[in-house]
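A structural walkthrough
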Amino acid sequence: MLLKKKLYLQAYQFIQYHSVKKINFNEDVIFNYVLISIINNFKYIPNKLYNYYYNPTSLTKVDNIEKFKLEIELFKKTIIFFETLQEQFPNVFNKEITNSYIYHFYLFIYIREKKILKQTNNKIMYFFKNQLLKSRLKKQFLTFIKNKKILYRYYKNKFFQTNNKKYLKKMKKLGLLYLFKSFVLEIKTKKIKKQLIEFIEFYFYKKRKILKIIQNNYHSLVVIPSESLKTIENAGMTNIEQYYNPNKVFKNVFLLSPNEKGFKYKHGMYIFGVSKYTYKLMLKIIKPKLVRAYGGYWASTFAVKNKVDNIPVVCSIHDKRDSFIYDEVVNSDYVFYTSYAVKDILIAKGVNENKMHYLPDRVKLTDFYKVKELDGKPLVFQDGFKYILTVARMSDEKNLETIIKALKHLPSNYRWIHIGRGDLNYYLKLSQELDVLDKVIHIDSVKNNELKYYYSFADCFCLLSKSEGFGIVYIEAAACECSIIASNISPINANFKHNENIILLDNYFDDIKTAEIIKQVCEEPNSILISNAKNNIKQFSADIVDEMESNYYKQIIQGKLKCH
């Protein structure tokens, strides 16, 4: 309580300072005063403000009509602010409590308008408007408060008679001024206090920032990536601006994510950290043409659960793992799928086929190409060795065990380079048991724009996945003219053809057969397959897919996007 009183005094001194220094009593002053009081000491607001404006020696005495009018506008904005609080936090700012605040601000407006009328010297107008103001006040608030007081006394008497705590609860629900003490105790809940702070941060900082950015141009897009921007940057992605706003379809792009903090402008996007409490508020201010969520798990769930009317939500699904496609995807307005294998999973999940549209992953061919030795060769590549490359996370569906077992059947000059994160100990233990640990080279991660060096100098790329959503690494390998060995599963066998531009294995758990194919591909590379693979993946170039995506966006905005 002492801390609350201290904070209140700081707020009061803040106003006193502005008054003594004869600084204009502007919007920021009154809002800061109200906010600090709201968060830290609810019960002081009405009485202190009442005294502040009724006291003849008030430090901010208004001298002219223009200042009266200015204060009236400020009070009206404050009323809107309280109404917004009640709308956004009905459990905290219930109707009764909010109305008791609003009543006082209407009272202040009444006092100011009354003073303005007096200064106009128009007695007839003064009498008429004065009566009008009084009746409005009585109609909206006075009757309400009077009835509540009677009810409060009734509950209080019942409590003393019966000692039943239910009457205490009913007394709290009334929300009268002298019950604010119990209300303040409720706000000590950390969750509620966090919501209030986030709301206030939005109302006084983010809202103004957004309005300044938009400047009445609402041709905007909101994106919700599945990862933080820092993670995306660390992965070495170079075309972030083009990826999120293909062909600059939208004037403004806002990245709203709980994974971000504060505000910044980067990669042609306005990036705001949001929570579920402020996200919907920001959407209502931005008024985007649509919201794009990436991935079928938390980002899509976040977008769908916090959907705002008349703003379509577009989810893009890149992975066909059931655990990575949450049920909320069904309720999105449009769904982009990267492969027909993903589409089949979505249909099984109950997604309406009419809202689904094919949009494959893309490769920027200016970032992935065959690198010459003069351009730089990673130190891991040494003369006299054959190198098998795999770029994949360490997980069961990637079937890395088969490649490790195949190493046992390959000559001593073969090395396997694995790039990807996961449970390294398991695979190192398996390599040790099979006595092939000296053939294994593990790299945790390589930036996206440096992968081309590994694809270019590897003798073959081998990944025998049990399951794939799209398989972007096969496209990258083909762009860098690396021979590819893969499992004969969808969507790989839909994007490539066996013995035409790739080697597909039916029995991708057979380590002996895998070793034979690896040795054959590394020692007798097929230039025709390599050339065909490079030509085949042009359909997945960033230019073509960007054009496809931008056309989808335009059709969604126009309401013309039909089943693909």
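Digging into helix α20 (residues 511–523)
For α20, built from 13 residues, the straight-helix expectation of 18 Å at 1.5 Å per residue is met to within 8% by its first-to-last C-alpha distance of 18 Å. Residues of α20 that are buried: Asp 511, Thr 514, Ala 515, Ile 517, Ile 518, Val 521 and Cys 522. Seen along its axis, α20 keeps its buried residues to an arc of 165°; they face one direction. Lining the buried residues of α20 we find β9 (386–391), α15 (400–407), β10 (414–419), β12 (460–463), β13 (484–487) and β14 (503–505). Residue Asp 510 occupies the N-cap position of α20, its side-chain oxygen lying 3.1 Å from the main-chain nitrogen of Ile 512.

Some remarks on unusual backbone geometry
Look at the link from Ser 490 to Pro 491: it is a cis peptide, with omega at 10°. As for its placement among the helices and strands, Pro 491 is situated in the loop between β13 and α19 (492–495). At Lys 248, a position not held by glycine, the phi torsion is positive, near 50°. Examined against the element boundaries, Lys 248 turns out to sit in the loop between α11 (240–244) and β2 (252–257). Positive phi is not limited to glycine here, since Lys 287 has a value of about 50°. Examined against the element boundaries, Lys 287 turns out to sit in the loop between α12 (276–286) and β5 (290–294).

Observations regarding the nonpolar core
Phe 254, Leu 256, Tyr 279, Leu 346, Tyr 455, Phe 461 and Ile 485 are the most contacted members of the largest nonpolar core, which has 102 residues in total. In this view, Phe 254 contacts Ile 210, Ile 213, Ile 214, Ser 220, Leu 221, Val 222, Val 223, Tyr 270, Phe 272 and Ile 286; residues no more than four positions away in its chain are not counted.

Comments concerning the packing of aromatic side chains
Under the criterion given, the structure shown has 25 aromatic pairs. A centroid spacing of 5.4 Å and a plane angle of 80° characterise the contact between Phe 470 and Phe 540, whose relative ring orientation is edge-to-face. In this pair, Phe 470 sits in the loop between β12 and α18 (472–479) while Phe 540 sits in the loop between α21 (527–536) and α22 (542–558), placing the two residues 70 residues apart along the sequence. Looking at Phe 470, the relative accessible area reads 2%, which means it is buried.

Structural notes on the layout of surface pockets
Size it by volume and the largest pocket reaches roughly 1900 Å³. Contributing to the lining of the largest pocket are 49 residues, with Glu 227, Ala 235, Arg 393, Asn 448 and Ile 472 lying nearest its centre. Elements represented by at least two residues in the lining of the largest pocket include exactly α10 (229–234), α11 and α18. Tallied by class, residues from the lining of the largest pocket come to 21 nonpolar, 13 polar and 15 charged.

Here is what the cut-offs are and how they apply
Residues numbered from 1 in each chain as written. Predicted model: local features only at pLDDT ≥ 70, side-chain atom pairs only at ≥ 80, totals over all residues. Heavy atoms only, no water. Helix = DSSP H or I, 4+ residues; strand = E, 2+ residues; numbered from the N terminus. Expected span 1.5 Å × (residues − 1). Buried < 20%, exposed > 50% of the residue type's maximum accessible area, 1.4 Å probe, protein only. Arc of directions from axis to C-beta. Contact = heavy atoms within 4.5 Å. Polar contact = N/O pair within 3.5 Å; in protein donor to acceptor, adjacent residues only side chain to side chain. Core = buried A, V, L, I, M, F, W, Y, C linked by side-chain atoms within 4.5 Å. Phe/Tyr/Trp six-rings, centres within 6.5 Å; stacked < 30°, edge-to-face > 60°. 1 Å grid on protein atoms, 1.4 Å probe; cavity = no way out; pocket = protein on both sides within 12 Å on 5 of 7 lines; lining within 4 Å. Points joined across faces, edges and corners; volume = space filled by probe spheres on them. Nonpolar A, V, L, I, M, F, W, Y, C, P; charged D, E, K, R; others polar.

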